[in-house]
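One letter stands for each residue in the lines below.
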Amino acid sequence: FSADSLPQLPAYNHVREHKFDIKNIDINLRFNWQLKQAFGETSILLSLTEASDSVMLDAAKLSIQNISLANGKQLKFRYDGSEADNALRVLLDKQYPAGEELTLKINYHTNWINRSDPNSLWGSFGKGIRFLEPTSTDPVKRKQIWSMGDATGNRYWFPCYDAPDDVRTSSFTATLD
């Protein structure tokens, strides 16, 4: 083997390209224990870094019901349900200039179930939300719901830009059915 024949790795500080800066994410979820799903609305406050008529977000295995602006205006979107980066394309109601702040409200529910894995504390690769409850081998285990929030695992429980290179504030509210 020669060094020239090996595939090139991305730069150490690889930054995904995106046309916005997320300022805040507000996540409001209702958990359904029986279905092991979350039903939610995520509001994303973002500032466009260049003029655009669309926003690309990450979402994996979610069912998207609708997306609107803060004023209630419904937006069209394209989403294939895949786990890929930029799987959710939100079509804005017009071309917005760089520097414009927008709030997107996305209503959805999760479909990915983070199953137990005896070889991993995080379950099925740490993706999404983990529902833990008593079992026949551990009947006193407390019921818990949690997520790891690793660099690319959040897209399984809320739509977002799922990379650590866009620092933002966040708030979270949850209820249980």
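Bear in mind the structure is a predicted one, so any value in this text is a computation, not a measurement.

A.B. asks: What am I meant to see in the overall build of the chain here?
C.D. replies: Per the secondary structure count, the chain includes zero helices and 10 strands. Taken from the N to the C terminus, the helices and strands of the chain come in the order β-β-β-β-β-β-β-β-β-β. Burial status across the chain gives 38% buried among its 177 residues. Of the contacts formed within the chain by residues at least 6 apart in sequence, a portion of 66% connects residues at least 24 apart. For the chain, the exposed area adds up to about 10400 Å²; of that, 52% sits on carbon and sulfur atoms.

A.B. asks: Honestly, the sheet that holds strand β1 (residues 20-32) in this entry has me stumped. Any pointers?
C.D. replies: Consider a sheet: its strands pair through backbone hydrogen bonds, and that pairing is either parallel or antiparallel. With mixed pairing, eight strands are arranged side by side in an open sheet as β3-β6-β5-β4-β7-β2-β1-β10. Edge positions in the sheet fall to β3 (52-57) and β10 (169-176), since each has one partner strand and no second. The mean inter-strand angle of the sheet, taken between neighbouring strand axes irrespective of direction, is 20°. Where strand β4 (residues 62-69) and strand β5 (residues 74-79) come together, two bridges link them in antiparallel fashion. Residue isoleucine 67 lies in a different strand from β5, and its bridge partner there is leucine 75.

A.B. asks: What exactly am I supposed to notice about the nonpolar core here?
C.D. replies: With 34 residues, the main nonpolar core has Leu46, Leu57 and Leu104 as its most contacted residues. Contributing elements (two or more residues each) for this core: β1, β2 (37-48), β3, β4, β6 (88-96), β7 (101-110) and β8 (129-132). Top element by residues in this core is β1. It accounts for six residues. In this structure, leucine 104 is in contact with Thr42, Ser43, Ile44, Leu46, Val55, Leu57, Ser68, Leu69, Leu75, Val90 and Leu92, ignoring residues within four places of it in sequence.

Quick notes on the rules
- Residues numbered from 1 in each chain as written.
- Predicted model: local features only at pLDDT ≥ 70, side-chain atom pairs only at ≥ 80, totals over all residues.
- Heavy atoms only, no water.
- Helix = DSSP H or I, 4+ residues; strand = E, 2+ residues; numbered from the N terminus.
- Buried < 20%, exposed > 50% of the residue type's maximum accessible area, 1.4 Å probe, protein only.
- Contact = heavy atoms within 4.5 Å.
- Areas by Shrake-Rupley, 256 points an atom, 1.4 Å probe, with all protein chains shown as cover.
- Pairing = 2+ DSSP bridges.
- Axes fitted to C-alpha atoms, helices over the stretch in contact; angles between N-to-C directions.
- Core = buried A, V, L, I, M, F, W, Y, C linked by side-chain atoms within 4.5 Å.

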